[in-house]
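Letter by letter, the chains look like this.
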Amino acid sequence: LSSGINAEYGGTDGTDRNNLIQMSDDVGKNYPLELSSASFWSNVESLTDPDADGTDIAIGLASSGYYCAAKGTKSCPAQESLSEKSKIDNKLNNAPASYFGHVLKFKGGGKMNYLCSRNNNFSNRSQKGSLWVE
């Protein structure tokens with residue numbers, strides 16, 4: 001990216017971050033769901049971190065890997081979890097540049113609309129998509 005473009009459009013210069021957050025089934029509603037309303041994650045499990053539940057997976061993806069779980073798992077030290085680690089920057093500037101993520105297994109079908117909160121300023125850009133599992 002050219003110098004200054006991230007600062008102007010959504011982050012500290014020299015950073016490029018993405019995250020994945022479930023949004024409403026109504027794609028006209030351009031905002032993320034609260035985790036407690038994000039039902040998609042109850043239907044997945046992680047093959048790379050079998051101790052992680054759907055909430056842990058959602059937290060990792062929403063934070064671009066800054067947090068690895070709600071409270072820690074065998075693969076996620078508690079000090080890297082939402083319950084113990086310092087607050088993430090709203091623009092993900094302090095999130096890691098790379099995120100290992102999860103290999104997911106879906107326990108059933110479903111659909112999820114998602115967005116990237118960093119690349120979504122509601123007026124001049126939007127990064128959204130849909131995931132269908134049959």
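Structure shown above.
Given the structure is predicted, the values throughout are model-derived calculations rather than measurements.

Student: Any chance you could break down the packing of aromatic side chains for me, citing the residues and the numbers?
Tutor: Scanning all chains against the criterion turns up three aromatic pairs. Between the aromatic rings of F40 and W41, the centroid separation amounts to 5.4 Å while the plane-to-plane angle is 90 degrees, which identifies the pairing as edge-to-face. A single burial state applies to F40 and to W41, both of which are buried. Taking the centre distance of 4.9 Å and the plane angle of 80 degrees together, the rings of Y66 and Y67 count as edge-to-face. For the pair formed by Y66 and Y67, the shared burial category is buried. One aromatic cluster is present, built from ring pairs that chain together F40, W41 and F106. The positively charged end of K85 is found above the aromatic ring belonging to Y66, 4.0 Å away from the centroid.

Student: Tell me about the layout of surface pockets, residues and numbers included.
Tutor: Quantified by volume, the largest pocket comes out at close to 480 Å³. Broken down by secondary-structure element, the contributors of at least two residues to the lining of the largest pocket are β1 (21–23) and α2 (54–62). If you tally residues by element for the lining of the largest pocket, the top one is α2, at three residues. Across the lining of the largest pocket, the residue classes break down as 14 nonpolar, five polar and two charged. As for the second largest pocket, its lining consists of T48, D49, G65, Y67, C68, S75, C76, Y99, F100, G101 and H102. A per-class count over the lining of the second largest pocket returns five nonpolar, five polar and one charged.

Student: Go over the pattern of salt bridges, please, and point to the residues and values.
Tutor: Close approach of charged atoms lets side chains of opposite charge pair. Under the counting rule described, the total for this entry stands at one salt bridge. A salt bridge links K85 to E80, with the shortest nitrogen-to-oxygen separation between them at 2.8 Å. With a relative accessible area of 23%, K85 lands in the partly exposed category. Judged by its relative accessible area of 30%, E80 falls in the partly exposed class.

Student: An account of the state of the cysteines is requested, with residue identities and associated values reported.
Tutor: Applying the stated criterion across every chain yields a total of one disulfide. Across the disulfide, C68 is cross-linked to C76 (sulfur-sulfur distance 1.8 Å). On the sign convention where negative is left-handed, the bridge of C68 and C76, at about 70 degrees about the S-S bond, is right-handed. With a relative accessible area of 2%, C76 lands in the buried category.

Student: Could you give an account of the environment of S24, naming the residues involved and the relevant values?
Tutor: Looking at where S24 falls in the secondary structure, it is placed in the loop between β1 and β2 (44–46). With relative accessibility at 12%, the residue S24 sits in the buried group. Here the alpha-carbon distance between S24 and Y114, two residues 90 residues apart in the chain, equals 8.0 Å. Among the polar contacts made by the side chain of S24, one reaches the main-chain amide nitrogen of D26 at a distance of 3.0 Å.

Each value, and the rule that gives it
- Residues numbered from 1 in each chain as written.
- Predicted model: local features only at pLDDT ≥ 70, side-chain atom pairs only at ≥ 80, totals over all residues.
- Heavy atoms only, no water.
- Phe/Tyr/Trp six-rings, centres within 6.5 Å; stacked < 30°, edge-to-face > 60°.
- Buried < 20%, exposed > 50% of the residue type's maximum accessible area, 1.4 Å probe, protein only.
- Lys NZ or Arg CZ within 6 Å of the ring centre and 35° of its normal.
- 1 Å grid on protein atoms, 1.4 Å probe; cavity = no way out; pocket = protein on both sides within 12 Å on 5 of 7 lines; lining within 4 Å.
- Points joined across faces, edges and corners; volume = space filled by probe spheres on them.
- Helix = DSSP H or I, 4+ residues; strand = E, 2+ residues; numbered from the N terminus.
- Nonpolar A, V, L, I, M, F, W, Y, C, P; charged D, E, K, R; others polar.
- Salt bridge = Lys/Arg side-chain N within 4 Å of Asp/Glu carboxyl O.
- Disulfide = S-S within 2.5 Å.
- Polar contact = N/O pair within 3.5 Å; in protein donor to acceptor, adjacent residues only side chain to side chain.

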